[in-house]
Every structure is written in structure tokens, then in C-alpha cells.
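Residue-level listing of the chains:
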Amino acid sequence: MSDVTKSKPRPVDMPTFRNIAVSDLARYRLPLPGIASIIHRITGIALFFGLILLLPMLQMSLKSEAGFEAFRTIVWGNPLAKLVMIGLLFAIIYHLIAGIRHVIQDSGKWLDLQVSRSTASAVFVSSVVVTALIVWRLW
Amino acid sequence: MASNQSGIQDWWLQRISAGIIAAYVLLLIVLLLVNGTPTAAQWQALFANNAFKAFTLLALIATFYHGLIGVLHIWPDYIKNAATRATLNALSWLAAAGYALYAVYILFGLK
Ligand code: HEM
């Protein structure tokens, strides 16, 4: 142990382990499972604060027939608002599927790198596909 | 809420609430995929059904709780300044409490 502190010359190809600095960020690529995890977090936050938009729309759609139609023309009929709605739809579907994967990994399965990578890809692909299906159905 | 010492309680509540929300979201997805865009009458009839209304309220309360536990765990990971963190915590609590009151009003307060 103690000879770690003695300064022997380092072999050139020996990997160094250290915390990365801000200046490394541009070159640093988060591994795929890491990307899956950070998007789970971002979608969770987006959904929590997105409720500020979703609840009034639920209220509007339930209030009366005119309210429901107003939702369809004002929100669904407006390209920007529609994009936001589709974004939130993607957020919940991604968060749902990634959440299921997260719970499975908590139970000790799917943890080795290869499987973790392929299930992360499966989360991306399946959430895009399910979102697309729903959007296509409701368009 | 994040007041329990070990975090185990939060962990379980996070998963139980997730299960409730997941069941509700899956039900809605299947309904939308099978039936397509509902008419105003169909949509409002669905929410007039008492069992569905109760499930909606349960799922919404689970959502507010789940989201609140989630963001309360996230802020300390990124926000090092105590005052900023306290502000974000307070805003998150306020949002969750406001959502809950609003949800009850939407589902049971409208005549
Ligand atoms: C659709 C069903 C859902 C499932 C299956 C689910 C699953 C999960 C799971 C398992 C976690 C724990 C992650 C961890 O322990 O690190 C989590 C975290 C979280 N969820 Fe959900 N969730 C769902 C819906 C929602 C909704 C609707 C919201 C919005 C209010 C939300 C907001 C959050 C937030 C903010 C976190 C914290 C994320 C983090 O710590 O990185 N979730 N979710």
C-alpha cells in the first residue's frame, strides 16, 4: 500500500482514474445506460412541473363540450402547443418504460454492461415507437 | 417526506406510487390506442364513472407524491447553495399541495 506514494515512473498506457474537470466535458461521452438514466431524471422533473399545464387542460376537457372542443382547437390545433403535448407524452412513456427497467435492475438483474446497454437501447426505441403510435392514433 | 432517516420508506413509497401511476397510464394508453380520439361525450362519460374518477384521483395523488419525493431527492445532487435548495424544496411542496387541491376540485368540485 505504502509504495503507492513512492513516485515510480508511470507506464505510459496505464489508465488514470480521477474526477473529470469541467474542461473535459466536451470530450466526455456518458455511456448509454448513463444517458438512459439522466433522461429518466429529466423526464421526471419535466412531468412534475408539466402538471401545471396538464391539470388545467384536464379541467377544460371535462368542464363542458365547448371546453373539450376548445382543447382540441386551441391546444391540439396549435403546432407549438401540440409539440409540447407530444413532448410530455413522450416524457411519460419514456419515464414509465425506463422506470420498469430501473426497478428490474434494482432487483439485481440486467446489471452487466452488455445487457445494461441493450436494455437502455430498447428503452429508447420502444418509447419512441409507443409515442409515435399514440400520436398517429390521435393526430 | 424525505424526513425518514434511512430513505427506505421513500424508496418503497416511490415504487408503490410508481406502480399505481403505471397501471393508470397503461389503462389510458390502451383505451386511446384501441378507440382513437374520444368524442367530448365519450371522454366526459369516462370521467363521470365513479370507479374511474376514484382511480383518477388515486393516480393523481400518487403522481404528486411520487414527483415530490423525486424532486426533493434531486435538488441536493445539483444545488449546493442551502438557500436556493430551501427555495426549491418549498416550491416543490407548494406545487404538490396545490396540484392535490386542484385535482380534488377538478374531479369532485365541478357542477
Ligand atoms: C408512469 C409510471 C411511472 C413509473 C413506473 C415511475 C418510476 C419511477 C422510479 C422507479 C423512480 C425511482 C428512480 C430512483 O430511485 O432513482 C422514479 C423517479 C422519479 N419519478 Fe417516476 N415513475 C412514473 C411516473 C412519474 C410521473 C407521472 C412523474 C411526474 C410527477 C414522475 C416523476 C419522477 C421523478 C421526479 C423522479 C426522480 C428521478 C430521479 O431521482 O432521478 N414519475 N420514477
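Residues numbered from 1 in each chain as written. Chains lettered and ligands numbered in written order. Predicted model: local features only at pLDDT ≥ 70, side-chain atom pairs only at ≥ 80, totals over all residues. Heavy atoms only, no water.

A. Summary view of the site of the ligand. Contacts to the ligand come from 22 residues, most closely from Arg41, His95 and His102 of chain A together with Gln14 and His66 of chain B. At the site occupied by the ligand, nearby residues are drawn from chains A and B. A distance of 2.5 Å separates an oxygen atom of the ligand from a polar atom in the side chain of Arg41 of chain A. Between the ligand and the protein, one listed contact pairs a nitrogen atom with a side-chain N or O atom of His66 of chain B at 2.7 Å. Only helix H1 (32-63) and helix H3 (79-106) of chain A together with helix H1 (8-35) and helix H3 (50-78) of chain B provide two or more residues apiece to the shell around the ligand. For the shell around the ligand, the per-class residue count stands at 10 nonpolar, 10 polar and two charged. (Near = heavy atom within 4 Å. Polar contact = N/O pair within 3.5 Å; in protein donor to acceptor, adjacent residues only side chain to side chain. Helix = DSSP H or I, 4+ residues; strand = E, 2+ residues; numbered from the N terminus. Nonpolar A, V, L, I, M, F, W, Y, C, P; charged D, E, K, R; others polar.)

B. The arrangement of the coordination of the iron atom of the ligand in detail. Every protein donor of the iron atom of the ligand is accounted for by His95 of chain A (NE2) and His66 of chain B (NE2), and the metal-donor separations fall at 2.0 Å. Here the iron atom of the ligand binds six donor atoms, and the angle range of 87 to 179° at the metal identifies the geometry as octahedral. Of this pair, His95 of chain A sits in helix H3 while His66 of chain B is found in helix H3, placing the two residues in two different chains. The same class applies to His95 of chain A and to His66 of chain B, which are both buried. (Donors = N, O, S within 2.8 Å, 3.2 Å for Na, K, Ca; no water. Tetrahedral: all angles 85-135°; square planar, octahedral: opposite > 155°, others 65-115°. Buried < 20%, exposed > 50% of the residue type's maximum accessible area, 1.4 Å probe, protein only.)

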